[in-house]
Amino acid sequence: ADIAMYQAKKQGPGQLVFFEGHMHDHQLKRSQMESDLRQTLQQHQLEVHYQPLINLSSGRIMGFEALARWYHPHKGWIHPVQFIPIAEESGLVLQLDRLVLQQACQQVQQWSQHRRDLLHLSVNMSTLQFAQPDFYAVVSEILQATQFPAWQLRLEITESLLLERGDVVRQNLQQLQDLGVKLHIDDFGTGYSSLGYLQQFAASALKIDRSFIQKLQLGRQHQELVRTIIQMAHNLGMSVVAEGVETLEQQDWLRQSRCDVVQGFMYSHPVEARAAMHLLDQEEAGKLLVQF
Ligand code: C2E
Ligand code: MG
Ligand code: MG
Ligand code: MG
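Residues numbered from 1 in each chain as written. Chains lettered and ligands numbered in written order. Predicted model: local features only at pLDDT ≥ 70, side-chain atom pairs only at ≥ 80, totals over all residues. Heavy atoms only, no water.

Per an unreviewed UniProt entry, the protein chain goes by EAL domain-containing protein and derives from Deinococcus roseus.

Shown next as structure tokens:
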């Protein structure tokens, strides 16, 4: 076998641990990345990009989803697929989510001041966050400090949170909802959904995962599935957001099927704050992102 023993490391008395070459490389990169990320967070240098969410009946921008972006001095822009898993394993995601929340509330509140109607803000929250006893206090402090209205905030969570039964989780959820914060279930359809939990949970919207939207063109069965999700959500009093909308055909089908909100590259990629503000200015000047 071609196992290369590039490195042997002493682990406790008399114990040698051997790594496969690429394995060691991988772990080294990972721990380097973890310490770079830790430093970036300490210096508050993580950036936030914004992707518009569009109301399918008015055609107007109703708000933005905040998406974390990391500008690395040597590697350039790093996307969340590369650092969120590391952030989750190391617990750094707690700090990361809070930094994104703080920055985005401050930013979107500033934009809202120049508009007739207030903007919504959606922020992704790791499941881990809800098990922290101070989570509710942190969110309400950020809302207070930024003056962002609680009822305009949506926390995007994944289906894995539906399985959490702890007291701390339940209390955080209850207090946040009492404050008016909404919960949106992200990537809906990809996790372990128990429809029973879904109802208990009182989420205000489902975000249909983009894999389902991409498959709409493949035929009737795929379409029926999405139509059924939309109807179920509506019957349970939830609204529906479609993620990853890229074509006019997808948009028209979703509109006919009574999907409420769309988000995707067709309208805008996630962009930095200045560019997002430009989208709002263009809309004020009469140029909508959606053409029906
Ligand atoms: P998500 O919450 O499902 O975010 C949507 C992702 O889909 C974003 O990827 C966005 O750029 C991408 N997207 C949007 N429209 C389209 C489209 O039309 N086509 C395609 N192919 N993709 C589209 P991004 O920014 O790379 O984020 C990936 C994931 O990382 C997010 O998925 C979210 O789960 C996670 N994430 C991002 N920011 C944060 C954060 O601040 N905290 C936590 N905990 N997770 C985050
Ligand atoms: Mg999301
Ligand atoms: Mg997600
Ligand atoms: Mg998603």
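Structural notes on helix α2 (residues 80-90)
A turn of α-helix holds 3.6 residues, and therefore any two residues three or four places apart point the same way. We count it as follows: Partly exposed residues are those whose accessible area sits between 20% and 50% of the maximum for their type, while under 20% is buried and over 50% is exposed, using a 1.4 Å probe and protein chains only. Every helix listed is a DSSP run of H or I at least four residues long, and every strand listed is a run of E at least two residues long, numbered separately from the N terminus. As used here, the arc belongs to the directions running from the helix axis to the C-beta atoms.
Turning to α2, its buried residues number three or more, namely Phe83, Ile86 and Ala87. Taken around the axis of α2, the buried residues stretch over an arc of 105 degrees, which confines them to a single face. Turned more than 90 degrees away from the buried face of α2 sit Val81 and Glu89, all of them exposed. Positive backbone phi, at 85 degrees, marks Gly91, one or two positions downstream of α2.

Description of the site of ligand 1
Just so we agree on the cut-off: The criterion for a residue being near a molecule or strand is simple. One of its heavy atoms has to lie within 4 Å of it. Pairs of N or O atoms within 3.5 Å make up the polar contacts considered here, provided that, within protein, one atom can donate a hydrogen while the other can accept it, and that residues adjacent in sequence are counted only when both atoms are side-chain atoms. Each accessible area is a Shrake-Rupley result for a 1.4 Å probe, and residues are judged covered by the shown protein chains and nothing else. Residue classes follow a fixed rule: Ala, Val, Leu, Ile, Met, Phe, Trp, Tyr, Cys and Pro count as nonpolar, while Asp, Glu, Lys and Arg count as charged, and any other residue, Gly among them, counts as polar.
Neighbouring residues of ligand 1: 24 residues in total, closest Asp97, Asn124, Asp186, Glu246 and Phe265. The side chain of Glu65 places a nitrogen or oxygen atom 3.1 Å from an oxygen atom of ligand 1. Contact distances for ligand 1 include 2.7 Å between a nitrogen atom and a side-chain N or O atom of Asp97. Summarising the interface, the protein chains cover 85% of the accessible area of ligand 1, which totals 800 Å² for the free molecule. For the shell around ligand 1, a count of residues per class yields ten nonpolar, five polar and nine charged.

Considering the coordination of the magnesium ion (ligand 2)
Just so we agree on the cut-off: Each metal's donors are the N, O and S atoms within 2.8 Å of it, or within 3.2 Å when it is Na, K or Ca, and because water is not part of the set, sites may look incomplete.
Surrounding the magnesium ion (ligand 2) are the protein donor atoms Glu65 (OE), Asn124 (OD1), Glu156 (OE) and Asp186 (OD), which sit 1.9 to 2.3 Å from the metal. On the primary sequence, the residues serving as donors to the magnesium ion (ligand 2) are separated as E-x58-N-x31-E-x29-D. The magnesium ion (ligand 3) is placed at 4.2 Å from the magnesium ion (ligand 2). On the criterion of sequence distance, the pair formed by Glu65 in strand β4 (residues 61-72) and Asn124 in strand β6 (residues 120-124) is long-range, its members being 59 residues apart.

Focus on the coordination of the magnesium ion (ligand 4)
Donor atoms from the polypeptide that bind the magnesium ion (ligand 4) are Asp186 (OD), Asp187 (OD), Glu243 (OE) and Glu243 (OE), placed at 2.0 to 2.5 Å. As a motif over one chain, the donors of the magnesium ion (ligand 4) read D-D-x55-E. The metal-metal distance between the magnesium ion (ligand 4) and the magnesium ion (ligand 2) is 4.4 Å, with Asp186 coordinating both. Within this pair, whereas Asp186 is found in strand β8 (residues 182-188), its partner Glu243 is found in the loop between β10 (239-242) and α9 (248-256), the two being separated by 57 residues in sequence. Of the two residues examined, Asp186 and Glu243, each falls in the buried class.

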